[in-house]
Amino acid sequence: MLDAEFAIDKRECDDLKEHVSSMSTLENYHHIKCWEIISKERAYAKTHIGRQAPRFLEPYLVEWPNDKRGTRLKILARSGQLLLNGMQAQRSRAMGALSMCLCCNSDSEETFHHFLMECPAYHHLRNRRDQRVHRALSAAQRGVEPGSVMNSGEFDSLSSYDRMLRILGKRMDFVKTEEAIDRACRKYLVRAWEERKVIHEQWANSEWN
Ligand SMILES: [Zn+2]
């Protein structure tokens, strides 16, 4: 019975994975999401061990009652639905000036990668976030064979896109590292989103005056 249940699980998860991989808006999500089976260290309950991870809630969602804003922004960010100018312009099929970032002078389209990894307007927030990530990676080195888990230098040498995926929850070596990165990510999203709102309000006011 259990074998049959596991087989259905697997078939459904394979279908879901294929569906997600065919949607361009979910490209990041496809790379972030864990499609594997749940190991003992990652299981909330014994009955989850060996089941397909997509059958269960993502661990960061348990933070919903404590941090609704951060969790909501992270959900939107992971699924490519955060309403940045690039996304808004795409939706309304009006590219060009409307898709540009209003928060900096870098003449860049406001894509999610720009917002999370590049925009100079959030440089200070990004520094703080990355310090937290580095601290988590240093803590993960304690008590393990040197070179067996990712360190800060290795993290920094990943491509910017790959670092973005890790910041949005792609699996790391340890659950504790993922939890620390999750906290750093939610803090960044909440503060950067607030600062963006202020800048956009200033723009809107200046348009009227
Ligand atoms: Zn910018």
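What you are looking at is a predicted structure, and each value in this text was computed from that prediction instead of being measured.

Caption draft 1: Structural context of the overall build of the protein chain. A tally of regular secondary structure across the protein chain gives nine helices and zero strands. Mapped from its N terminus to its C terminus, the protein chain presents α and β elements in the order α-α-α-α-α-α-α-α-α. In terms of overall dimensions, the protein chain has C-alpha extents of about 70 × 40 × 30 Å along its principal axes. When the 209 residues of the protein chain are sorted by exposure, 22% land in the buried category. By sequence separation, contacts in the protein chain at least 24 residues apart represent 54% of the contacts at least 6 residues apart.

Caption draft 2: Looking closely at the domain arrangement of the protein chain. If you check the domain split of the protein chain, you get domain 1 (1-56) and domain 2 (58-208). The centre of domain 1, based on its C-alpha atoms, is set 24 Å off from the matching centre of domain 2. Facing nine residues of domain 1, the contacting portion of domain 2 comprises nine residues. The residue makeup of the side of domain 1 that touches domain 2, split by class, is four nonpolar, three polar and two charged.

Caption draft 3: Layout of unusual backbone geometry. The backbone of Asp107 shows a phi angle near 60 degrees, a positive value even though the residue is not glycine. Relative to the assigned elements, Asp107 resides in the loop between helix H4 (85-91) and helix H5 (112-118).

Caption draft 4: Region of the structure containing the nonpolar core. Counting 25 residues, the largest nonpolar core has Val133, Ile167, Leu168, Ile181 and Cys185 as its most contacted members. For this core, the secondary-structure elements that each account for two or more residues are H5, helix H6 (123-141), helix H8 (160-167) and helix H9 (175-208). The biggest single contributor to this core is H9, with six residues. When near neighbours in sequence (up to four residues on either side) are disregarded, Leu168 contacts Asn28, Ile32, Ala77, Arg78 and Cys185.

Caption draft 5: Inspection of H6 at higher detail. Relative to the 27 Å expected for 19 residues at 1.5 Å per residue, H6 spans 27 Å between its end C-alpha atoms, a close match to the ideal helical length. Every buried residue of H6 is listed here: Arg129, Val133, Ala136, Leu137 and Ala140. The buried side chains of H6 occupy one side of the element, clustering within an arc of 95 degrees when seen end-on. Residues of H6 that are exposed and point more than 90 degrees away from the buried face comprise His123, His124, Asn127, Gln131 and Ser138.

Caption draft 6: Examining the environment of Leu102 more closely. Following the sequence through the fold, Leu102 ends up in the loop between H4 and H5. Take Leu102: there are 14 C-beta atoms within 10 Å of it, and that puts it in the partly exposed class. C-alpha of Leu102 to C-alpha of Asp130: the two residues are 28 residues apart in sequence and 24 Å apart in space. Look past the residues within four positions of Leu102 in its chain and what remains in contact with it is Asn85, Ile199, His200 and Trp203.

Caption draft 7: Structural detail: helix H3 (residues 68-78). Of the positions making up H3, those classed as buried are Gly70, Thr71, Lys74, Ala77 and Arg78. Seen from one end, H3 has its buried residues packed into an arc of 125 degrees, which puts them on one side. Opposite the packed face of H3, turned more than 90 degrees from it, sit the exposed residues Lys68 and Arg69. Positive phi shows up at Gly80, right after H3, with a value of about 70 degrees.

Caption draft 8: Structural detail: the environment of Val175. Tracing the backbone shows Val175 in helix H9. Take Val175: there are 13 C-beta atoms within 10 Å of it, and that puts it in the partly exposed class. The spatial distance from the C-alpha of Val175 to the C-alpha of Glu41 is 8.0 Å, given a sequence separation of 134 residues. Excluding residues that lie within four positions of it along the chain, Val175 makes contacts with Glu41 and Arg42.

Caption draft 9: Structural detail: the environment of Phe115. Tracing the sequence through the fold places Phe115 in helix H5. For Phe115, a count of 25 C-beta atoms within 10 Å corresponds to the buried category. C-alpha of Phe115 to C-alpha of Gly86: the two residues are 29 residues apart in sequence and 10 Å apart in space.

So, how was this worked out
Residues numbered from 1 in each chain as written. Predicted model: local features only at pLDDT ≥ 70, side-chain atom pairs only at ≥ 80, totals over all residues. Helix = DSSP H or I, 4+ residues; strand = E, 2+ residues; numbered from the N terminus. Buried ≥ 20, exposed ≤ 12 C-beta atoms within 10 Å, placed from the backbone. Contact = placed C-beta atoms within 7 Å. Domains from an automatic or database assignment. Nonpolar A, V, L, I, M, F, W, Y, C, P; charged D, E, K, R; others polar. Core = buried A, V, L, I, M, F, W, Y, C linked by C-beta atoms within 7 Å. Expected span 1.5 Å × (residues − 1). Arc of directions from axis to C-beta.

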